[in-house]
Amino acid sequence: MTGRICGTGSYVPARIVENEELANLVDTNDAWIRERTGIARRHLAEQETTSYMAAMAAKRALAQAGMLAEEVDLILVATSTPETVFPCTACEVQREIQAEHAAGFDLNAACSGFLFALQTAQAYIRAGIYRTALVIGADSMSHVVDWRDRSTCILFGDGAGAVVLRAEEGGMFVQAAHSDGRKGAVLTGYSRHRKDWDAPGREKDAYIQMDGQSVFKFAVRRVPEIVEELLQKAQTEKEEISYFFLHQANQRIIEAAAKRIGAELSRFPMNLQEYGNTSAASIPILLDEWNRKGRLQKGDKLILAGFGAGLSWAGSLLEW
């Protein structure tokens, strides 16, 4: 059995922060940010919580799949920014959507989280333990950035994306995942009670520290490697892949990875200009956008690949 994606959904907050607004907080401007990242704006949560965004994305995915919440057996939420340590975000989603028969738990693999969750759900389905799963990536990154740090605050946004997996005979799903804790110090998130951060409109209790050059080099090396690993496992040529959905961290990373993979940049969808880096939510938000625009056709072979703190990186090759 393989879990086939039969519905997608996403949610982003209504509040949009353009690059120029960040110039009021740090020494930057629109041209500087676009040139280095490709990002033009991001959506920031005001009243929305991580669990609320996750539940909204889940509802939209279920509606597209034509399924009721009580049909869901498993809810997995990939997040590194829950509003509570417990109950977990997945249980909050279960309550909100009334998925009374589902088990649920959270995974934290930072920006790689959605792929780790997707692979976990597939393992449950292949084992015959569950038949229907909601896999959600959701993060409120605006709550964990230091809005005085130009190197990180320009990058991140908030949002959630979800897919519904339904067990079917046959189908294709190949996966790979890796971690390297020895290099975890290049991208860290610390909790720290601070009352003096001028962040737009709210206090902060955590912050991110990142060695940008190290992360860039890591991503540009590891993404092509995991793409090649997936192709070899699937005995598939890269020319057979319709699209490569990469984590939306930085346009330069995607361009460099595409060059190393040896595939046309047009096969690498991007929406980071609109949302920034939404961490675990980035791939499912992008997948939902392309699905709803009718750009994905049944039988398309897709590679999803992500990278993030840990350090961690993961990829999946699947058939739409």
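Being a predicted model, the structure only gives us computed values, none of them experimental.

## A short note on the UniProt feature "active site" (unreviewed entry) in the protein chain
And then number 1: If you check UniProt for "active site" (unreviewed entry), the listed places come out as C111, H247 and N277 in our numbering. Maximum C-alpha separation among the annotated residues is 8.6 Å over a sequence range of 167 residues, consistent with a single clustered spot.
And then number 2: Mapped onto the elements, H247 comes out in the loop between β11 (243-246) and α8 (251-261).
And then number 3: On the accessibility criterion, H247 (1% relative accessible area) is buried.
And then number 4: Other than its neighbours up to four places away in sequence, H247 contacts C111, I254, N277, S279, S282, I283, A305, G306 and F307.
And then number 5: A polar contact is formed between the side chain of H247 and the side chain of N277, at a distance of 3.3 Å.
And then number 6: Once you skip the residues sitting within four places of it in the chain, N277 turns out to touch I39, C111, M141, L155, F156, G157, H247, Q248 and A249.

## Re the packing of helix α7 (residues 212-234) against α8
And then number 1: Running from N to C, α7 and α8 point in directions that differ by 40 degrees, and their axes come no closer than 9 Å. Here α7 lies oblique to α8, going by the angle between them. As for the relative orientation of α7 and α8, their crossing is right-handed in sense. Touching F216, A219, V220, R221, V223, P224 and V227 of α7 are R252, I253, A256, A257, R260 and I261, all from α8.
And then number 2: In terms of residue class, the contact of α7 with α8 is built from ten nonpolar, no polar and three charged.

## Remarks on the domain arrangement of the protein chain
And then number 1: The domain boundaries assigned to the protein chain delineate domain 1 (2-171) and domain 2 (174-319).
And then number 2: On a C-alpha basis, the centroid separation for the pair domain 1 and domain 2 is 14 Å.
And then number 3: In this complex, domain 1 contributes 58 residues to the contact, which on the side of domain 2 involves 53 residues.
And then number 4: It is C111, L115 and Q119 that lose the most area in domain 1 upon contact with domain 2, and together they represent 15% of the buried surface on that side.
And then number 5: Connecting domain 1 to domain 2 are two salt bridges.
And then number 6: Those elements that place two or more of their residues in the side of domain 1 that touches domain 2 are β1 (2-11), α2 (30-37), β3 (41-43), α3 (50-65), α5 (113-126), β6 (132-140), α6 (150-153) and β7 (158-168).
And then number 7: With seven residues, the top contributor of residues to the side of domain 1 that touches domain 2 is α5.

Rules used in this analysis
Chains are numbered independently. Their residues run from 1 in the order of the written sequence. Since the coordinates come from a predicted model, pLDDT governs what is reported: local features require at least 70, and pairs of side-chain atoms require 80 or more to be given and counted, while whole-chain, interface and lining totals use all residues. To get the side-chain values, take all heavy atoms of the structure and skip hydrogens and water. UniProt positions are given in the numbering used here, feature names are shortened, and annotations may be inferred rather than shown by experiment. Starting at the N terminus, helices and strands are each numbered in turn, a helix being any DSSP run of H or I of at least four residues and a strand any DSSP run of E of at least two. For each residue, the accessible area found with a 1.4 Å probe, counting protein chains only, is set against the maximum for its type, and the residue is called buried under 20%, exposed over 50%, and partly exposed in between. Contact criterion: two residues are considered in contact whenever any of their non-hydrogen atoms come within 4.5 Å of each other. Here a polar contact is taken to be a pair of N or O atoms separated by no more than 3.5 Å, where protein atoms must pair a possible hydrogen donor with a possible acceptor and residues adjacent in sequence count only if both atoms sit in side chains. Think of each axis as a best-fit line through the C-alpha atoms, taken over the contacting stretch in the case of a helix, with angles from 0 to 180 degrees between the N-to-C directions. Angles are sorted into four bins: roughly parallel if under 35 degrees, roughly antiparallel if over 145, roughly perpendicular if 65 to 115, and oblique for all others. Two helices that cross are described as forming a left-handed crossing if the nearer one is turned anticlockwise from the farther one by less than a right angle, and a right-handed crossing if clockwise. Note on residue classes: Ala, Val, Leu, Ile, Met, Phe, Trp, Tyr, Cys and Pro are nonpolar, Asp, Glu, Lys and Arg are charged, and everything else, Gly too, is polar. The split into domains, and so the bounds of each, comes from an automatic or database assignment of domains. Put simply, buried area is the surface a 1.4 Å probe can reach on two separate parts but cannot reach once they are joined, added for both. By salt bridge we mean one thing: a side-chain nitrogen of Lys or Arg within 4 Å of a carboxyl oxygen of Asp or Glu.

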